[in-house]
Amino acid sequence: MNHSLTLKIDNSAVEERDFFELVSSGSVPEIASNLSSILSKAKNSVCAVLSDISATYVNMLAGMKYSRYILVPDVNNKALAPLKGKAIVREMKWSGFDIFIIDDDCAVVVSGKNGSIIKDRGSVANLMAHFRRWFWNEADFELINEVSGVDNGVFDVPQVESDGKVVTDCDGSVSVLTQRCDASSFEGKYHQILDDKVLYFRKIPDVSILKVRGKDSFYVPDLWISFCEVDGDSYVLNYNPASYPTMPEKGSSKLIGIHVDKLEYGTKYKYCQKEAYSKLIEKALKDSNGKDITVLPSVTENVSMTMPLKDYLFFKELESKNPEMLEDRIRSKNPNLLVTNKRACSLEFQINVEIQKHSPKAVKDSIYQEYDNMPRNLSQKKSEIVKLANEEKMEKLSSKVNQIQIPGTIADVAEYNRFVTELNKYIDEFNSRGGEIDESLAEVSSSKKTAKVKTIVKLKESEAKPLPRYGTLYRNGGAYEYVLIDENKVSEAEKEAEVRGWKTISYHLE
């Protein structure tokens, strides 16, 4: 027989904690693949600042026909060979992103595959002024045909003032920008300078940072560059704002913020400390490790457990009358059963129940031995009567006794006593024999006439109590185990156990 329970759990008020909800979708322009086409539009010159020496960029610049002025972190790099005799390449340490300035028309900021085009003439002019300062006054080595040292005193390029479009830290403008901004990207070690700012980060930090903040935090996995926002204006940065307070480059023109018309940073998720499942159904979410999660309307799980018969019957009653109590009882019996890695407003557990078997160490109660002896005793007595009747040539008596069908099992004392009465009747007949004996054999049989069959003594109820009515009774040490033939007879079996004094008893099924 199949035994099962169905438990429905309302999870709608359960809270998801420390997660991220999608608030906008978008893509980030891939500038790198189009850079060659953009640079080909130059008429006079391209000025480039490279944070790393890329063979792709080197070959691209080497194939152009206009004047090229390039800043790289190391002029001794063999990868620069294609530029020999084609460009002036000078050495300056630089990090964060690459810059390409095309004539006086536009500039391109690139990091990895992504980038932003700057078309504001004032910004381009200011950026070019900074480039001249770096190129002619900040470099110590250059590569034209060969690597050589440079005399920085030859050109006197004045310091460039920040104009609000392009700011550097030589006059403290980056410091002001970092502190005044309303929003900022974040990477690395958190600093209190970011406490009052909306944060954007492409790698999720320890959520302990996010919990204590009063400002919004956003997970932007496609973010390609450090940036900040001031009064709605976006600035791309070549430094990490969280690291600014401890950077050795503070106060120099090598820390820079460049205004861009629109910064594309792709898909955006907002950090939420907690929210009920009921408000998150099938929304696009990520957990604190950046993995996708979904809250479903409902989920069904199939599980299994073993329990005693009485528990099952009790639980089956609770199934419809008190599911909350059923949940509590199941959790107390098996804390790990009602566990799922799925998030849903409604959980339904289909529980396959195996009823606990009786112990393999248990043995049948001694009462069965008594009842096993009853048919044995009757059969032995029947055989004795038939044998002696045959010896006495009492064929009719033998035939009548042979017709008595002794069952293999005796159900109760009354049944046993009915057979005792019948057998005793024939025993009495045998013991008073004489009518059937041939007179001619009288002399021979007289010696046998003294043979007697002992009658069977009837049993009293007190001497052999009835067999268990609803199954088989076992003993396991000092406890009883009652294996029922019908699970619906537990109530009757309990009453029987109480009347017959079976203490410490458990109920089972075959």
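Peer 1: Tell me about unusual backbone geometry, residues and numbers included.
Peer 2: For aspartate 18, which is not glycine, the phi dihedral falls at a positive 50°. When you line up the elements, aspartate 18 lands in strand E2 (residues 15-24). Despite not being glycine, aspartate 231 has its phi angle at roughly 50°, a positive value. Along the chain, aspartate 231 falls in the loop between strand E15 (226-230) and strand E16 (233-237).

Peer 1: A description of helix H8 (residues 367-391) should follow, citing residues and the corresponding values.
Peer 2: Helix length check: H8, at 25 residues, gives a terminal C-alpha distance of 37 Å against a target of 36 Å (1.5 Å per residue), a fit within 8%. Tucked into the core, H8 has its buried residues touching strand E23 (363-364), helix H9 (395-402), helix H10 (413-431), strand E24 (471-476) and helix H12 (490-500). The positive-phi residue at the C-terminal boundary of H8 is lysine 393, with phi of around 60°.

Peer 1: Account for the pattern of salt bridges, with residues named and values stated.
Peer 2: On inspection of all chains with the given rule, the structure shows 26 salt bridges. Residues aspartate 216 and lysine 270 are paired through a salt bridge, measuring 3.7 Å at the closest nitrogen-oxygen approach. Placement of the pair is aspartate 216 in the loop between helix H5 (207-211) and strand E14 (217-219) and lysine 270 in strand E18 (residues 268-276), with a sequence separation of 54 residues. Overall, the relative accessible area of 34% leaves aspartate 216 in the partly exposed class. Residue classification places lysine 270 among the partly exposed residues on the basis of a relative accessible area of 29%. In this structure, the salt-bridge partner of glutamate 264 is lysine 262, at a minimum N-O distance of 3.4 Å. Judged by relative accessible area, glutamate 264 falls into the partly exposed class, the value being 28%.

Peer 1: Go over the sheet that holds strand E25 (residues 479-484), please, and point to the residues and values.
Peer 2: Spatial ordering of the open sheet is given by E23-E24-E25-E26, a layout of four strands whose pairing is mixed. Where the open sheet ends on each side, the last strands, each with one partner, are E23 and strand E26 (505-509). Pairing between E23 and E24: two bridges, direction antiparallel. Across the sheet, the residue bridging to lysine 364 is tyrosine 474, located in E24.

Peer 1: Break down helix H7 (residues 323-333) for me, with residues and values.
Peer 2: Taken as a whole, H7 has its buried residues at Leu326, Glu327 and Ile330. For H7, the angular spread of the buried residues around the axis is 100°, confining them to a single face. Every exposed residue of H7 that faces more than 90 degrees away from the buried side is listed here: Glu324, Asp328 and Ser332. Contacts made by the buried residues of H7 are with strand E1 (4-10), strand E21 (295-307), helix H6 (309-321) and strand E22 (343-355).

Peer 1: Explain the sheet that holds E22 to me, using residue names and the numbers behind them.
Peer 2: Strand pairing in a sheet takes place through backbone hydrogen bonds and is either antiparallel or parallel in direction. In spatial order, the strands read E1-E22-E21; together these three strands make up an open sheet with mixed pairing. The open sheet has two edge strands, E1 and E21, and neither has a second partner. Between one strand and the next, the sheet's axes are offset by a mean angle of 20°, whatever the strand orientation. As paired strands, E21 and E22 are joined by 12 bridges and run parallel to one another. The residue bridging valine 303 from the neighbouring strand is isoleucine 351, located in E22. Packed onto the sheet, H6 meets E1, E21 and E22 and runs at close to 45° relative to E1. The strands touched by H7 are E1, E21 and E22; relative to E1, the strand with the most contacts, the crossing angle is about 110°.

Peer 1: Go over the environment of alanine 497 with me, naming the residues and quoting the values.
Peer 2: Take alanine 497: it is sitting in helix H12. Given a relative accessible area of 4%, alanine 497 falls into the buried group. Along the backbone, alanine 497 and isoleucine 404 are 93 residues apart, and their C-alpha atoms lie at a distance of 35 Å. Those residues in contact with alanine 497 that sit more than four places away from it in its chain are Trp502, Ile505 and Tyr507.

Peer 1: Now, about empty space enclosed by the protein: what can you tell me, with residues and values included?
Peer 2: Picture a little ball the size of a water molecule; that probe, rolled over the atoms, points out where space is still empty. Going through the model one piece at a time under the given rule, you end up with one cavity of 30 Å³ or more. When its volume is computed, the largest cavity comes out at roughly 30 Å³. The wall of the largest cavity is formed by Ile117, Ile118, Lys119, Asp120, Ser123, His259, Val260 and Asp261. Contributions of two or more residues to the lining of the largest cavity are made by strand E8 (114-118) and strand E17 (256-260). Its residues assigned to classes, the lining of the largest cavity shows three nonpolar, two polar and three charged.

Peer 1: Before we move on, can you summarise the packing of aromatic side chains with the specific residues and values?
Peer 2: Under the defined criterion, the tally for this structure stands at 20 aromatic pairs. With 5.7 Å between their ring centres and 20° between their planes, phenylalanine 227 and tyrosine 265 make a pair best called stacked. Highlighted residues: phenylalanine 227 in strand E15 and tyrosine 265 in the loop between E17 and E18, separated in sequence by 38 residues. Comparing phenylalanine 227 with tyrosine 265, the two get one shared label, buried. Where tyrosine 480 meets tryptophan 502, the ring centres are 6.1 Å apart and the plane angle is 40°; that geometry is what we call tilted. Taken as a pair, tyrosine 480 in strand E25 and tryptophan 502 in the loop between H12 and E26 lie far apart in primary sequence, 22 residues in all. A cation over an aromatic ring shows up here: lysine 364 above the ring of tyrosine 368, its NZ or CZ 5.3 Å from the ring centre.

Conventions adopted
Residues numbered from 1 in each chain as written. Predicted model: local features only at pLDDT ≥ 70, side-chain atom pairs only at ≥ 80, totals over all residues. Heavy atoms only, no water. Helix = DSSP H or I, 4+ residues; strand = E, 2+ residues; numbered from the N terminus. Expected span 1.5 Å × (residues − 1). Contact = heavy atoms within 4.5 Å. Salt bridge = Lys/Arg side-chain N within 4 Å of Asp/Glu carboxyl O. Buried < 20%, exposed > 50% of the residue type's maximum accessible area, 1.4 Å probe, protein only. Pairing = 2+ DSSP bridges. Arc of directions from axis to C-beta. Axes fitted to C-alpha atoms, helices over the stretch in contact; angles between N-to-C directions. 1 Å grid on protein atoms, 1.4 Å probe; cavity = no way out; pocket = protein on both sides within 12 Å on 5 of 7 lines; lining within 4 Å. Points joined across faces, edges and corners; volume = space filled by probe spheres on them. Nonpolar A, V, L, I, M, F, W, Y, C, P; charged D, E, K, R; others polar. Phe/Tyr/Trp six-rings, centres within 6.5 Å; stacked < 30°, edge-to-face > 60°. Lys NZ or Arg CZ within 6 Å of the ring centre and 35° of its normal.

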